[in-house]
Amino acid sequence: MAWHSFLPKLTVPKKVVFENGKLNALWYFLHLPLIGYATILFAVQKQYSEVISNSPFLMVNVDPLDAMPYMFGAVSNVSEDPSILSWCAAAGGPYLCDSNAVIQAACVELLTESILSAVPGLSMLSFCTRLCDLDKLDALDCLVPPSLFRPQGSTSLQITTYTAFNQGLFTGGNRNILVHLHPLLRFAPVTFSYSFQMSRSAPYFFGTNPGIAERKTGADAYTVAVTSEEKVLMIFTPGERVIIPPPSIVALAGLPWDATVMLAGGEFYAVVNCYTDGFDLPTALDWSGHSTLEPSPEIPVCLLTVDQLRPASGYKMADTLSDMAQAAAQIRVDTGRGDSFHRLPSLSAIVLNLISLVVLLKFPTILTIVFATNCLGSLSNVYKRAHQETMDISTRVAQLALRLLSDTTILGQLVDPKTGTGVSKAKLKEQLCIILQKVVPSKEEHEILAEDLSEHIFKTLRKMPQGHKNLEEEMAHGSHLANLMSIGQTVNVQDLCAYFDTSRRRSWLEWFTLPSSQRKLLRERRKLAKQLASLEASKQDDTVEPEPSDIKAQASSLSRLSAASSQSEVCVEVSDGEHLLEVQALQNEIDLLIGQVRTIKERQTEEDREEQRQQEVEERVQHLYVAVENLLQKIDGIEADDAADVSRAGLATLKKGTQDLEARVLQFEEENVRLSDQIQALHDWADARQTEAVKELEKETKATVAIS
């Protein structure tokens, strides 16, 4: 066997085409929703791309020593909220806490009801702070920015918008509560910065820039500040500092910058998310008043959003030991890490989605087959047999045998009458020419084609791995051609030989899966083979003696004669001693004859056994004939090995085995003839012996009667 026979071979599934227009229309119709669904997923949902997390990290910072924003803000025309203007207009004092309800509520907010009741005569002095001159930092309405900002690392910033302070309240030294509101904080330069990087390298795709996976910052992307209502508030171009003042931070959270927020404070959480594809941006994003930006892998668009965590933030403290009371409201801004991603085209994603599409497109075929094989009445049986092929080993073996017989019989008509030994190439060419005349109009073409086909058939027979290399140059047996026609079938000639081979050792799995009728047949064949072997071993030692054949008739006749003699003997009246002696002698003779009858009966049993043995021999001879025929078929259909010498040696061995079997058949035939002669001799001897015994009994009977 050549080494390349062990290599894997290409296999393709068998297809059954249903030529039915309505079933095909149903099949087409079932494809439409799947194709539409696949189109939406692939094109609209961009399933051809791959998302990779970039996890942008946002930081917040402010320069408290930078007084320029406050100076420009103080002279700018930016209008404050009316509530802040009203508060600043009412500032002044001191106002006694119990002067009116508004002042009373403000004092209670700063301190507590118990402190106000315990310390009478408290008053409130309020200011809207301004940027102080360098030489008047101790003024009561002075704004010192460093005291209003408290950063905590790079992820948190506290901005104090409102303060209240008193020193000497409990000792009675100072009963004025100083209250400061800081409207100028609206110009505080709160700066945001961030960086992001893909968690892994970019997927492979044609033309993708590998530098996309490098770390990027806010200087490499558009920064868009978006409110909670998804409205674009501010846009920062690549390289521009992202400075968002406190009013804008509050506005991003959906709150107004008014006196309520400044007096109550609050906690906010800011985060940024960067995208490289417009598909991932919020669909309801409102770009009113701004140019719409389209992100790309080279210049992403980062959305900065702020959420409110708590509606109020601050502290209130009253310490009697230090004789101090103070309160403050703060705007706290915390930052964190976003959950955005890069969306990039990926060849692997395209392949996976195409594979998924191919799998989905199997469902119309499955549904159509289920409909055709279950919902069409009697037609469903036809479609079911076409779709599902039933495989039964016993049936296929019988079909192969009949097919070989029919093919060999039909091909036997092509046997050359001159030689009578097989199908010649010339005869095959002649028949092919007759057939090809209807297909190929040109005589030269169909003759050439017939020549090529006949040559190809013989060449294929010689190349077949079934022992046909020794074919004659211009002659092929009909069985060879029939064997060639059986190639490609489910069961071939080799399988047929192995199926009935009783000497081949089978594994327990093969034996278990064989049909029960075949197992029973193999057991009987093996039992018969053992009996035949034991018969051959015992035949050499046993000698066969002549035995009678018609023993039963003879035994019954002798028994009747013996009974008649006994009755006559009883009826005899012995008158004297001489007659008595004669009667006794006659009785002894009758006993002797009865013993001979018993011997004959025993020989009858042996004869029956011999006849049964002969029948078994004949049956075994018939089985040997069947074995010889099977062996001849094996020789005709055996596959040739690659080497010609091995093939010739195998055929020689099989021929020798055939000759041995034929010799054994002849030996059994001779044994059968010999047994027939012996049985005939037994018949003759039994007839002669019966005649003699009858005559002797008649004589003795007559003598007895005469004596009596």
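What follows concerns the overall build of the protein chain. A count of helical and extended segments in the protein chain gives 20 helices and 21 strands. Here the protein chain holds 708 residues, and 35% of them are scored as buried. Long-range contacts, defined here as pairs at least 24 residues apart, represent 72% of the contacts in the protein chain between residues at least 6 apart. Element-wise, carbon and sulfur atoms account for 58% of the exposed surface of the protein chain, whose accessible area totals about 41200 Å².

Let us now look at the packing of helix H1 (residues 21–44) against helix H9 (residues 362–374). Helix packing geometry: the angle between the two helix axes and the distance between the axes. The interhelical angle for the contact between H1 and H9, taken along N-to-C directions, is 145 degrees, at an axis separation of 9 Å. Relative to H9, the crossing made by H1 is right-handed. Within the contact between the two elements, H1 uses Leu23, Leu26, Trp27, Leu30, His31 and Leu34 and H9 uses Phe363, Pro364, Thr365, Leu367, Thr368, Phe371 and Ala372.

Within the largest apolar cluster, 56 residues are counted, with the highest numbers of intra-cluster contacts made by Phe149, Phe192, Tyr194, Ile244, Leu304, Val306 and Ile331. Residues contacting phenylalanine 192, with those up to four places away along its chain left out, are Leu58, Met59, Val60, Val242, Ile244, Ile249, Ala270, Leu304, Val333 and Thr335.

Bringing the confidence of the model for the protein chain into the picture now. When pLDDT is averaged along the protein chain, the result is 77, and 74% of the positions lie at 70 or above. When pLDDT is averaged over each helix and strand of the protein chain, the minimum, 40, is found for helix H18 (residues 551–571) and the maximum, 96, for strand E12 (residues 222–226).

Bringing the packing of aromatic side chains into the picture now. Tallied over the entire structure, the rule returns five aromatic pairs. Relative to phenylalanine 341, the ring of tyrosine 275 has its centre 5.7 Å away and its plane inclined at 85 degrees; by these criteria the two rings are edge-to-face. Linking tyrosine 275 in strand E15 (residues 266–275) with phenylalanine 341 in strand E19 (residues 341–345), this pair joins segments that are 66 residues apart in sequence. Of the residues examined, tyrosine 275 reaches a relative accessible area of 12% and is grouped as buried. When the ring centre of phenylalanine 187 is taken as origin, the NZ or CZ atom of arginine 186, which lies over that ring, is 5.8 Å away.

In this section: the environment of arginine 506. Relative to the helices and strands, arginine 506 resides in the loop between helix H15 (493–500) and helix H16 (508–513). Contacts of arginine 506, omitting those with residues within four sequence positions, involve Ala498, Tyr499, Phe500, Asp501, Trp511, Leu514, Leu522 and Arg526. Of note is the side chain of arginine 506, whose polar atom sits 2.8 Å from the backbone oxygen of alanine 498. At 3.0 Å, the side chain of arginine 506 and the backbone oxygen of aspartate 501 are in polar contact.

Take the layout of surface pockets next. The volume enclosed by the second largest pocket comes to roughly 580 Å³. For the second largest pocket, the lining is made up of 15 residues, of which Lys15, Val16, Trp27, Thr365 and Ile369 are closest to its centre. Secondary-structure elements contributing two or more residues to the lining of the second largest pocket are H1 and H9. Top element by residues in the lining of the second largest pocket is H9. It accounts for four residues. Of the residues belonging to the lining of the second largest pocket, the class tally is eight nonpolar, four polar and three charged.

A few words on H1. When the terminal C-alpha atoms of H1 are compared, their 33 Å separation across 24 residues agrees well with the 34 Å that a helix rising 1.5 Å per residue should span. Along H1, the residues classified as buried are Leu23, His31, Leu34 and Ala38. For H1, the elements touching its buried residues are helix H8 (347–360), H9 and helix H10 (378–387). Sitting at the amino-terminal end of H1 is asparagine 20, which places a side-chain oxygen 3.1 Å from the backbone nitrogen of lysine 22. Phi turns positive one or two residues past the end of H1, at lysine 46, with a value near 55 degrees.

Here we take up the pairing of strand E13 (residues 232–236). Two elements, E12 and E13, share four bridges in a ladder whose sense is antiparallel. Looking at the pairing, alanine 225 lines up with methionine 234 of E13. Hairpin connection from E12 to E13: five residues lie between these consecutive antiparallel strands, with glutamate 230 at a positive phi of about 60 degrees.

So, on to a nonpolar patch on the surface. On the surface, Tyr204, Phe206, Leu347, Val351, Leu352, Ile355, Val359, Phe363, Ile366, Leu367 and Val370 cluster together to form a nonpolar patch covering roughly 1100 Å² of accessible area. Listing elements by their share of the nonpolar patch, those giving two or more residues are H8 and H9. The biggest single contributor to the nonpolar patch is H8, with five residues. Among the secondary structure elements, phenylalanine 206 is positioned in the loop between strand E10 (190–196) and strand E11 (216–217).

Cut-offs and rules
- Residues numbered from 1 in each chain as written.
- Predicted model: local features only at pLDDT ≥ 70, side-chain atom pairs only at ≥ 80, totals over all residues.
- Heavy atoms only, no water.
- Helix = DSSP H or I, 4+ residues; strand = E, 2+ residues; numbered from the N terminus.
- Buried < 20%, exposed > 50% of the residue type's maximum accessible area, 1.4 Å probe, protein only.
- Contact = heavy atoms within 4.5 Å.
- Areas by Shrake-Rupley, 256 points an atom, 1.4 Å probe, with all protein chains shown as cover.
- Axes fitted to C-alpha atoms, helices over the stretch in contact; angles between N-to-C directions.
- Left-handed = near helix turned anticlockwise from the far one by under 90°.
- Core = buried A, V, L, I, M, F, W, Y, C linked by side-chain atoms within 4.5 Å.
- pLDDT = per-residue confidence, 0-100.
- Phe/Tyr/Trp six-rings, centres within 6.5 Å; stacked < 30°, edge-to-face > 60°.
- Lys NZ or Arg CZ within 6 Å of the ring centre and 35° of its normal.
- Polar contact = N/O pair within 3.5 Å; in protein donor to acceptor, adjacent residues only side chain to side chain.
- 1 Å grid on protein atoms, 1.4 Å probe; cavity = no way out; pocket = protein on both sides within 12 Å on 5 of 7 lines; lining within 4 Å.
- Points joined across faces, edges and corners; volume = space filled by probe spheres on them.
- Nonpolar A, V, L, I, M, F, W, Y, C, P; charged D, E, K, R; others polar.
- Expected span 1.5 Å × (residues − 1).
- Pairing = 2+ DSSP bridges.
- Patch = residues over 30% accessible without salt bridge, like charges linked within 9 Å, V, L, I, M, F, W, Y side chains within 5 Å.
- Salt bridge = Lys/Arg side-chain N within 4 Å of Asp/Glu carboxyl O.

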